[in-house]
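# Report on the structure
Each chain is listed here by its residues.
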Amino acid sequence: VCSSDLLIALCIIALLPLVSAYNNGVARLPVMGWNTWCTDDICGAIDICEESLILSIAEAMVSSGMHSLGYQYILMDDCWSAQERDPTTGAITWNVDQFPSGLPAIAEKIHNLGLKFGLYTCVGTYTCKEGRPGSYGHFEEDAKAIASWGMDFVKADFCSAPSGIPPEELYHNFSAALNATGRPIVFSLCEWGVGDVLSWGHTVGNEFRVQMDHLPVWKFPPKAAGEGFGQGTGDIIEYMGYIDPVKWSQPWGILDPDFLMTLFPYTMSFTDSRTEYTFWSLWSAPLVVATDIRGMSPEKKYILMNPEVIAINQDPGVKAGYRVMNESSGAQVWIKELEESSSSSSTSSKKAMVLYNANDISTTVVHATWAQAGWPNATAVHVRNLWERQDMGVYGEEGITATLVAHDVLYILLTRQDEAERGK
Ligand code: GLA
């Protein structure tokens with residue numbers, strides 16, 4: 001078909017969207033790790049971000065067994081840089097009081113533990129907190145510096161971004177500068193979901209924030225972006241239901257609903273934290289913990305270290321789970337297509353399902369049907385409880401029902417058993 005030069009050019013343009021995922025060789029699947037942002041404080045109020053803390057977290061990631069389950073990235077948020085660029089050279093550098101050994105030496109220690117190391121900057125002139133230097137006007141030099149320090153991940157925030165330049169262009173330019181260093185660096189966009197990032201984020205970064213900051217509470221009023229949805233865990237679940245995430249997520253183009261606030265002291269209960277992790281798992285979202293992972297309680301290990309729940313998150317298909325039922329009682333059902341099913345959802349044999357009670361007060365009965373899973377004629381479905389890691393048996397055409405307290409979930413793996421019926 002593509003014979004003349006003009007036709008060839010038109011064909012290339014037409015095919016571009018099909019090959020546009022940001023494959024820079026790293027982070028095809030959701031990143032798993034830890035970030036400084038909310039550890040031991042209220043998310044930015046006090047900086048606990050210095051080399052002994054970072055290294056003790058890295059050691060805990062290995063000794064706890066988290067690393068063996070896939071957690072790998074140790075990430076510094078808006079806390080690591082010196083307050084000013086070097087007055088003579090304009091170079092960005094780390095805060096020497098917090099990092100007396102220097103970031104390259106710390107990177108080496110982290111790499112020697114088998115882990116990866118990353119940091120934060122901003123595509124604007126200043127960062128969001130305390131006006132540290134942003135990278136605008138310095139994309140090439142900063143990218144080279146960051147690569148030379150041995151960094152594996154860069155998050156780019158959006159504060160003090162220059163007006164008049166579309167976010168897509170700013171992020172594209174920084175992304176190109178990072179790629180030009182030759183070092184494979186995960187690029188994480190943090191522009192809070194503005195400027196239609198869902199449609200282009202995957203072309204310039206490995207992951208892109210879809211919303212304003214996730215605060216460690218269930219409900220919080222909306223701020224700026226996020227289409228009027230709030231900033232708590234329950235708000236973000238509603239926002240993800242609204243944007244229909246399966247339309248946007250893909251390998252190397254991962255939707256980021258922000259950090260996990262697992263068991264944040266006083267404000268995140270066990271139920272809220274387990275539901276949070278359930279949805280982040282279901283959406284193929286980055287699993288980046290923003291609370292302390294040293295000396296974890298059994299409850300915290302239970303939530304963060306379940307290999308079956310992690311396996312659903314890391315499914316190679318990278319299809320985000322999406323909402324298929326939303327009742328006024330709070331009863332919701334969500335479904336995730338797994339890799340095995342990605343070629344033809346109607347004939348798949350395995351899917352993950354969440355039965356969820358979004359009601360803030362009342363216990364609710366949630367009934368899910370196999371039609372909601374895309375199997376209208378199923379007569380036998382094997383159900384495994386992913387959190388309990390126990391088989392629940394084979395369920396017939398009636399589907400499955402759970403009685404759930406406020407905010408709770410039943411997270412299950414479905415395996416269709418009536419092979420002869422498949423596809424009907
Ligand atoms: C913004 C980002 C947060 C965090 C802070 C740091 O609010 O959205 O994730 O990085 O800045 O200042």
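For the structure, check the block above.
A quick note: this is a predicted structure, and the numbers were derived from the prediction, not measured.

Scoring rules and cut-offs
Residues numbered from 1 in each chain as written. Predicted model: local features only at pLDDT ≥ 70, side-chain atom pairs only at ≥ 80, totals over all residues. Heavy atoms only, no water. Disulfide = S-S within 2.5 Å. Helix = DSSP H or I, 4+ residues; strand = E, 2+ residues; numbered from the N terminus. Buried < 20%, exposed > 50% of the residue type's maximum accessible area, 1.4 Å probe, protein only. Salt bridge = Lys/Arg side-chain N within 4 Å of Asp/Glu carboxyl O. Near = heavy atom within 4 Å. Polar contact = N/O pair within 3.5 Å; in protein donor to acceptor, adjacent residues only side chain to side chain. Areas by Shrake-Rupley, 256 points an atom, 1.4 Å probe, with all protein chains shown as cover. Nonpolar A, V, L, I, M, F, W, Y, C, P; charged D, E, K, R; others polar. Pairing = 2+ DSSP bridges. Axes fitted to C-alpha atoms, helices over the stretch in contact; angles between N-to-C directions. Contact = heavy atoms within 4.5 Å.

## Let's talk about the state of the cysteines
- For the structure on display, the rule yields 2 disulfides.
- For Cys49, the disulfide goes to Cys79, at an S-S distance of 2.2 Å. Around the S-S axis, the bridge from Cys49 to Cys79 shows a dihedral of about 65 degrees and counts as right-handed. In this pair, Cys49 sits in the loop between β1 (32–35) and α2 (51–63) while Cys79 sits in the loop between β2 (73–75) and α3 (103–112), placing the two residues 30 residues apart along the sequence. Neither residue differs from the other here; Cys49 and Cys79 are each classed as buried.

## Some thoughts on the pattern of salt bridges
- Tallied over the full model, the rule gives 17 salt bridges.
- Residues Lys351 and Glu337 are paired through a salt bridge, measuring 3.1 Å at the closest nitrogen-oxygen approach. Residue Lys351 is found in strand β11 (residues 350–357), and its partner Glu337 is found in strand β10 (residues 331–337); the two are separated by 14 residues along the sequence. Assigned by exposure class, Lys351 and Glu337 land together as buried.
- Where salt bridges share partners, they join Glu308, Arg384, Arg389 and Asp391 into one cluster.

## Some details on the site of the ligand
- All residues in the neighbourhood of the ligand are listed as Trp37, Asp77, Asp78, Tyr120, Cys128, Lys129, Lys155, Asp157, Cys190, Trp192, Arg209 and Asp213.
- Take Asp157: an N or O atom from its side chain is 2.7 Å from an oxygen atom of the ligand.
- One of the side-chain N or O atoms of Arg209 is found 3.1 Å from an oxygen atom in the ligand.
- Calculation on the ligand without its partners gives an accessible area of 310 Å², and the protein chains cover 93% of this total.
- Here the shell around the ligand is composed, by residue class, of 5 nonpolar, no polar and 7 charged.

## Let's talk about the pairing of β11
- By the criterion of burial, β11 is predominantly enclosed, with 7 of the 8 residues buried.
- Here β10 runs beside β11; their pairing, made up of 7 bridges, is antiparallel. Among the inter-strand pairings, Trp334 is bridged to a residue of β11, identified as Val354.
- Sheet analysis places β11 next to strand β16 (residues 409–416), joined by 7 bridges and oriented antiparallel. Residue pairing in the sheet places Lys350 in a bridge with Thr415 of β16.

## Some details on the sheet that holds strand β14 (residues 390–395)
- The strand order across the open sheet built from 6 strands is β9-β10-β11-β16-β13-β14, with neighbouring strands paired in antiparallel fashion. Edge positions in the sheet fall to β9 (322–326) and β14, since each has one partner strand and no second. Each adjacent strand pair in this sheet contributes to an overall mean axis angle of 25 degrees, direction not counted.
- When strand β13 (residues 381–385) meets β14, the two strands line up antiparallel, connected through 5 bridges. Residue pairing for β14: His382 is matched across the bridge by Val394.
- In this fold helix α7 (residues 233–243) packs onto β9, β10 and β11, with an angle of close to 60 degrees to the strand it touches most, β10.
- Running at roughly 35 degrees to β16, helix α8 (residues 270–282) makes contact with β10, β11 and β16 of the sheet.

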